[in-house]
Amino acid sequence: MKKSKILLLLSSFLLISACSATPKENSSFSSEISSISSEVLSSEQINSSSEITSSIDVTDLNQNGISLDNQKNIFIITKSGSYTFSGKWNGAILVKAATTDDVNLIFNNFQLNSNYESAIVVESAASLKITAKTGSINDLTNYGKVPGTKSESYFNYKYVVDAKCPITFEGDGTLNIIDNYFGSIHSTSTLLFKNCKINTACYDDAISGEDGINIENSNLYVIAEIGDGIKTKNSGNSKGTILLNNSNVTIYSELDCFESSYDIKVDGGDLKLYSNQYARNQNNYPFSKAYYIHGLPAGTSTASSKGMKAENLIDIVSGNILVQAVDDGIHTNYGTTFKDSTKSLGDIHISGGTISIISGDDALHADNTFLMTGGNIEVVQGHEGIEANFVTIKDGNIKLNCLDDGINGSKKIKKTPLIDIQGGYIDITVKGSDVDGIDSNGSYQQSGGIVITKGCDNELSSGLDVDGGATVSGGSFICFGEPQNPPTPMGNIKSNIITGSFAIGEHTITIGSNSYKTTTIFRYSEIYTYGTQEIKVS
């Protein structure tokens, strides 16, 4: 009988592989995941696999804090230390160490195939670290007979890697995690991805760190066939935040790509987020079966399928973010009561980065305050572009193409809405029967920046519609078509109406000595302008 080997080395010192500080491009992730998925074995193949031998006998294993359950093919670790695995193993790893023990699993071209609910389980330990050695390719696979059902119940856990302690992933090798039962990675505490490369495809929720998730200088490629991509659960007392620092993360999920029980903070890297039909429409999405959610075919569920969702705050400092979601692109909630009795802010803050969104609902939705002080936003297509109770734009570039209102100040928190433009460049195009470029259920005020807003060719639509007052005291305001509520010019601002025949297509707007391009999808006979400098349209 052919024997496959696993080499298990024990060391009394902590072995950490060298890691690159700069994340690599993840363009090859999809082909790797697809290759892994196509090679998934059935449970029958696993049960009939070749005999497994170990280079260390059970006596030595017991003496060094690790033993082998021969009947279950489960390695049981009971002491702190570093354990290096290579080769193939059909079984699982169980950690039952003291709550003061730190356990490090080092994988060096290791393939672990589990027919249980989980492949690696930590029932007790101070922490778990999983290190992929430089240059190695490692596979952790949970083989279920039917997606969403248990294969062989033993651990009573649901994820391929499931721990009741913090987990750290690091190392410059590759770690591939494939699940056919529920999810890929879970910790009842926190997850840290540091200088690592992980590809994972699973049936339900992919990555869950209940108390928080930190992704630093890493590459993650995540597929969640019917669930969320990356999520947290707990909140209050600084718990539940998802931090992304200089990392490349691609997520294909049926539901939310990111779901945070508190904050999401992005500083650098590239994020590519696809939910629901946008996930399944991608050529490199490896799953082909149509599963059902709550009795409805996938893609028709009313469940949340957002790009980013946070209960408290989403703070984007830098980075490139691409979102394609059937629900809101980026979303925060107001008024959620956390476990420490505080309530969620419901804010979105953007100070840098480049964001591109296609969404089936609001592109950017903050129940409370949307604040932009820098960066670039393009809504390629959205229902509403920006919706919040308070919209404050101090700087940055915004281009909105919407089927409903471009910027909507709506009463979300029982306070009078306000749209406040202090700076930046904003170009709004809308298309619909009863939609406005800018719509405030309260007031509109502009003290700086350049605003170009275009209504539709019907009486119910305009470039500006406010329930309260509208003023322009600085900057330039250009409205194609008559605004339903023309602003009041303040101070040195001069208002003017340019008449003529303005056809569909590209136009040049000249403000003083500066020129700007804008595109119209309707014809206009009037353009309303406000500013301290002469404004021309050609």
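Residues numbered from 1 in each chain as written. Predicted model: local features only at pLDDT ≥ 70, side-chain atom pairs only at ≥ 80, totals over all residues. Heavy atoms only, no water.

A.B. asks: Help me out: how do you make sense of the sheet that holds strand β45 (residues 535-537) in this one?
C.D. replies: To summarise the sheet geometry, strands pair through backbone hydrogen bonds and adopt either a parallel or an antiparallel arrangement. In space, the 3 strands of this open sheet follow the order β43-β42-β45, with antiparallel pairing throughout. In this open sheet, the two edge strands, each paired with only one partner strand, are β43 (514-520) and β45. Ignoring strand direction, the axes of neighbouring strands in this sheet form an average angle of 25 degrees. Looking at chain direction, strand β42 (residues 505-511) and β43 are connected through 7 bridges and run antiparallel. For I509, the partnering residue across the bridge sits in β43 and is Y516. (Pairing = 2+ DSSP bridges. Helix = DSSP H or I, 4+ residues; strand = E, 2+ residues; numbered from the N terminus. Axes fitted to C-alpha atoms, helices over the stretch in contact; angles between N-to-C directions.)

A.B. asks: What exactly am I supposed to notice about the pattern of salt bridges here?
C.D. replies: Close approach of charged atoms lets side chains of opposite charge pair. A full pass over the atoms with the stated rule returns 9 salt bridges. Residues participating in the shared-partner salt-bridge network are D205, D228, K231, D256, E259 and K309. (Salt bridge = Lys/Arg side-chain N within 4 Å of Asp/Glu carboxyl O.)

A.B. asks: Sorry, what's going on with unusual backbone geometry here?
C.D. replies: Glycine aside, residues mostly have negative phi, and peptide bonds are mostly found in the trans state. Unlike most non-glycine residues, N246 shows phi in positive territory, near 50 degrees. Mapped onto the secondary structure, N246 falls in strand β21 (residues 241-253). For N246, a relative accessible area of 28% translates into the label partly exposed. Positive phi outside glycine occurs at K414, with the angle close to 60 degrees. Given the relative accessible area of 80%, K414 is considered exposed. (Buried < 20%, exposed > 50% of the residue type's maximum accessible area, 1.4 Å probe, protein only.)

A.B. asks: Honestly, the pairing of strand β6 (residues 92-96) in this entry has me stumped. Any pointers?
C.D. replies: Consecutive side chains of a regular strand alternate in pointing toward one face of the sheet and then the other. Among the 5 residues of β6, 4 are classified as buried, and the element is accordingly described as predominantly covered. Sheet topology places strand β4 (residues 74-77) next to β6; 4 bridges connect them, and they run parallel. Looking at the pairing, I76 lines up with L94 of β6. As paired elements, β6 and strand β8 (residues 120-124) share 4 bridges and run parallel to each other. Its bridge partner being in β8, L94 is matched across the sheet by V121.

A.B. asks: What's the story with the pairing of strand β31 (residues 364-382) in this structure? I'm lost.
C.D. replies: Inspection of the sheet shows strand β28 (residues 330-332) paired to β31 by 3 bridges, in the parallel sense. In the strand pairing of β31, H331 is matched with H365. Bridging between strand β29 (residues 347-350) and β31 involves 3 bridges; their strand directions are parallel. What sits directly across from I350, in β31, is M372. Pairing geometry for strand β30 (residues 354-359) and β31, over 5 bridges, is parallel. Within β31, the position partnered with I355 by the bridge is I377. The pairing of β31 with strand β32 (residues 386-402) spans 13 bridges and is parallel.

A.B. asks: Help me understand the packing of aromatic side chains in this model?
C.D. replies: Geometry of an aromatic ring pair is reported as the spacing of the ring centres plus the angle between the planes. The tally for this structure, following the rule as stated, stands at 14 aromatic pairs. Centroid distance F169 to F193: 5.1 Å. Interplanar angle 5 degrees. Geometry classified as stacked. Of this pair, F169 sits in strand β12 (residues 167-170) while F193 sits in strand β15 (residues 190-194); the two residues are 24 residues apart in sequence, bridging distant segments of the chain. Between the aromatic rings of Y252 and Y274, the centroid separation amounts to 4.9 Å while the plane-to-plane angle is 10 degrees, which identifies the pairing as stacked. Highlighted residues: Y252 in strand β21 and Y274 in strand β23 (residues 263-275), separated in sequence by 22 residues. (Phe/Tyr/Trp six-rings, centres within 6.5 Å; stacked < 30°, edge-to-face > 60°.)

A.B. asks: Mind showing me how you'd approach the environment of A325 here?
C.D. replies: Relative to the helices and strands, A325 resides in strand β27 (residues 313-325). Sequence separation between A325 and Y274 is 51 residues; the distance between their C-alpha atoms is 5.8 Å. Those residues in contact with A325, other than ones at most four positions away along the chain, are S275, Y278, S305, K306, G307, I358, S359 and G360. (Contact = heavy atoms within 4.5 Å.)

A.B. asks: How should a positive patch on the surface be read in this particular structure?
C.D. replies: Together, K158, K233, K239 and K339 make up a positively charged patch on the protein surface. Positionally, K233 belongs in the loop between β20 (230-231) and β21. K233 gets classed as exposed once you look at its relative accessible area, which sits at 57%. (Patch = residues over 30% accessible without salt bridge, like charges linked within 9 Å, V, L, I, M, F, W, Y side chains within 5 Å. Areas by Shrake-Rupley, 256 points an atom, 1.4 Å probe, with all protein chains shown as cover. Lys, Arg positive; Asp, Glu negative; His and termini not counted. Charge placed at Lys NZ, Arg CZ, Asp CG, Glu CD.)

A.B. asks: Looking at this structure, I do not really get the side chain of E384. What am I missing?
C.D. replies: Among the secondary structure elements, E384 is positioned in the loop between β31 and β32. Within the buried set, E384 has no salt-bridge partner at all; the shortest N-O distance to an opposite charge, 6.5 Å, is to K412. Here N408 takes part through its side chain, which lies 3.0 Å from a polar atom of the side chain of E384. Ignoring anything within four residues of it in the chain, the contact list for E384 reads D361, D362, A363, C402, D404, D405, G406 and N408. (Polar contact = N/O pair within 3.5 Å; in protein donor to acceptor, adjacent residues only side chain to side chain.)

A.B. asks: Before we go on, may I ask you to explain the environment of N156 in this structure?
C.D. replies: Within the secondary structure layout, N156 lies in the loop between β10 (137-142) and β11 (159-163). When the C-alpha positions of N156 and Y116 are compared, they lie 9.1 Å apart, and in sequence the two are 40 residues distant.

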